[in-house]
Amino acid sequence: MKHYESISFFEFQRNYSTEDACREKLFKLRWPEGFTCPHCGNTTYYYHSVRHLYQCTECKYQVSVTAGTALHRTKIPLVKWFWAMYLITSDKRGISALELSKKLELRYETAWTMTHKIRKAMHDRDSHYDLLGVIEIDETFIGSPSEGVDKKGRGSEKIPVIVSVSTKDAKMLFAKMQVVESVNKEEIKKIVSTTIPKGETIKTDGLNVYKSLTNQGYKHERIIISGSDMNANELLKWVHIIASNAKSWINGTFHGIDRKHLQSYLDEFCYRLNRRFHENELLDRVITACANSNGITYAELYG
Ligand SMILES: [Zn+2]
């Protein structure tokens, strides 16, 4: 297996050891051409060093580097945010909120919320990409702890997830995993129509739920497994590898995830997988993703 090459602790510390260094990075991402007032478009400002606000010299509008991003209204030091992004990206196993809370001296709830905001930014980034070429699609089921199943009040349920992988010359390009209520035609139609442009080729097994893809404007290769010499793992190779890796990752790092939040963890898994050839850029890309994400609201997280 390929060695995971993220940037070193030392390089991270050289770049982001102070609030000023982190703020400067966010400033550059937000205003690559220099400050521009979001209110009037003027390009000159005063910097309030106590409140860390940039005030437009024309209209007096005040803005912070984090306003409207994944870090909107945060009270956590930027250094801790950057550490969180580093720790999430520097190991392909990721990091649990509990581990993060210990390492960064944060309350568990705070660490948990931060990881979800970072994952939302990852999701936003990946949602810009369509799946192209030959796309393998299959369903898988991920075990999740649930309440009220057995007499002790705990059990597990199997959550259906649709795995779609774009491939070219039998090599994997880009993957998406989506949690669904159940595996049915409507869910498949919705996923396919929002992630795959018409005219592309979709490869599935013989399950009925995939039958109407040709009517939706796709080339459809249906693989009937019974009677074939190969098994399902070989016929839809990439979806099976990815589903199996995602399950190992969830069990290894998080020890099971409930239904409500599974999507967010799968977003993190796919984000890292989709950038597997750019590991040394991962931190930079996640900082950029956070600076460009509009964040997640309290209601979306806890509602
Ligand atoms: Zn202004």
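Not measured: the values here are computed from a predicted model.

**Examining the overall build of the protein**
Phase 1: Across its full length, the protein holds eleven helices and eight strands.
Phase 2: Based on the C-alpha atoms only, the size of the protein along its principal axes is roughly 70 × 50 × 40 Å.
Phase 3: Put simply, of all contacts in the protein between residues at least 6 apart along the chain, 58% involve residues at least 24 apart.

**Thoughts on the packing of helix H8 (residues 237-254) against helix H9 (residues 259-274)**
Phase 1: Relative to each other, H8 and H9 sit at 120°, their axes nearing to 11 Å. When the axes of H8 and H9 are compared, the pair comes out oblique. In terms of crossing hand, the pair formed by H8 and H9 is right-handed. Where H8 abuts H9, its residues Ile242, Ala246, Trp249, Ile250 and Phe254 lie against Tyr265, Leu266, Phe269 and Leu273.

**Some remarks on the sheet that holds strand E2 (residues 53-56)**
Phase 1: Strands sit in the order E1-E2-E3 across an open sheet of three strands; the sheet is antiparallel. In the strand order of this sheet, the two ends are held by strand E1 (45-48) and strand E3 (62-63), each with one partner.
Phase 2: Here two bridges tie E2 to E3, and the two strands are oriented antiparallel to one another. Its bridge partner lying in E3, Gln55 is registered against Gln62.

**Things to note about the environment of Gly68**
Phase 1: Among the structural elements, Gly68 can be located in the loop between E3 and helix H3 (78-89).
Phase 2: As for Gly68 and Asn292, which are separated by 224 residues in sequence, their C-alpha atoms are 8.5 Å apart.

**A short note on the nonpolar core**
Phase 1: Met85, Ile118, Val286 and Cys290 are the most contacted members of the largest nonpolar core, which has 58 residues in total.
Phase 2: With eight residues, H3 is the largest single contributor of residues to this core.
Phase 3: With near-sequence residues (within four places) excluded, Cys290 lies in contact with Thr69, Ala70, Leu71, Met85, Ile118 and Ala121.

**Some details on H8**
Phase 1: With 18 residues, H8 extends 26 Å between its outermost C-alpha atoms, agreeing within 8% with the 26 Å of an ideal straight helix rising 1.5 Å per residue.
Phase 2: Every buried residue of H8 is accounted for by Trp238, Val239, Ile242, Ala243, Ala246 and Ile250. On an axial view of H8, the arc spanned by its buried residues comes to 125°, and they lie on one face. More than 90 degrees from the buried face of H8, the exposed residues found are Ser244, Ser248 and Gly252.
Phase 3: A positive backbone phi angle near 55° is found at His255, which sits one or two residues after H8.

**Quick notes on unusual backbone geometry**
Phase 1: With a phi close to 55°, His52 is a non-glycine residue in the positive phi region.
Phase 2: The residue His52 is located in the loop between E1 and E2 in this model.
Phase 3: In this structure His52 comes out as partly exposed when scored by C-beta crowding, with 14 C-beta atoms within 10 Å.
Phase 4: Positive phi values are uncommon outside glycine, yet His255 reaches one of about 55°.

**A word on the packing of helix H5 (residues 108-126) against H9**
Phase 1: Two elements in contact, H5 and H9, have axes separated by 9 Å at closest approach and are oriented at 55°. Of the possible angle classes, the one that applies to H5 and H9 is oblique. Note on packing geometry: the crossing formed by H5 with H9 is left-handed. Counted together, His116, Arg119, Met122, His123, Arg125 and Asp126 of H5 and Ser264, Asp267, Glu268, Cys270, Tyr271 and Asn274 of H9 form the full contact between these two elements.
Phase 2: In the contact of H5 with H9, the residues fall into three nonpolar, four polar and five charged.

**Notes on the environment of His128**
Phase 1: Mapped onto the fold, His128 is located in the loop between H5 and strand E4 (134-147).
Phase 2: When the C-alpha atoms of His128 and Thr195 are compared, they prove to be 9.2 Å apart, with 67 residues separating the residues in sequence.

Quick notes on the rules
Residues numbered from 1 in each chain as written. Predicted model: local features only at pLDDT ≥ 70, side-chain atom pairs only at ≥ 80, totals over all residues. Helix = DSSP H or I, 4+ residues; strand = E, 2+ residues; numbered from the N terminus. Contact = placed C-beta atoms within 7 Å. Axes fitted to C-alpha atoms, helices over the stretch in contact; angles between N-to-C directions. Parallel < 35°, antiparallel > 145°, perpendicular 65-115°, else oblique. Left-handed = near helix turned anticlockwise from the far one by under 90°. Pairing = 2+ DSSP bridges. Core = buried A, V, L, I, M, F, W, Y, C linked by C-beta atoms within 7 Å. Buried ≥ 20, exposed ≤ 12 C-beta atoms within 10 Å, placed from the backbone. Expected span 1.5 Å × (residues − 1). Arc of directions from axis to C-beta. Nonpolar A, V, L, I, M, F, W, Y, C, P; charged D, E, K, R; others polar.

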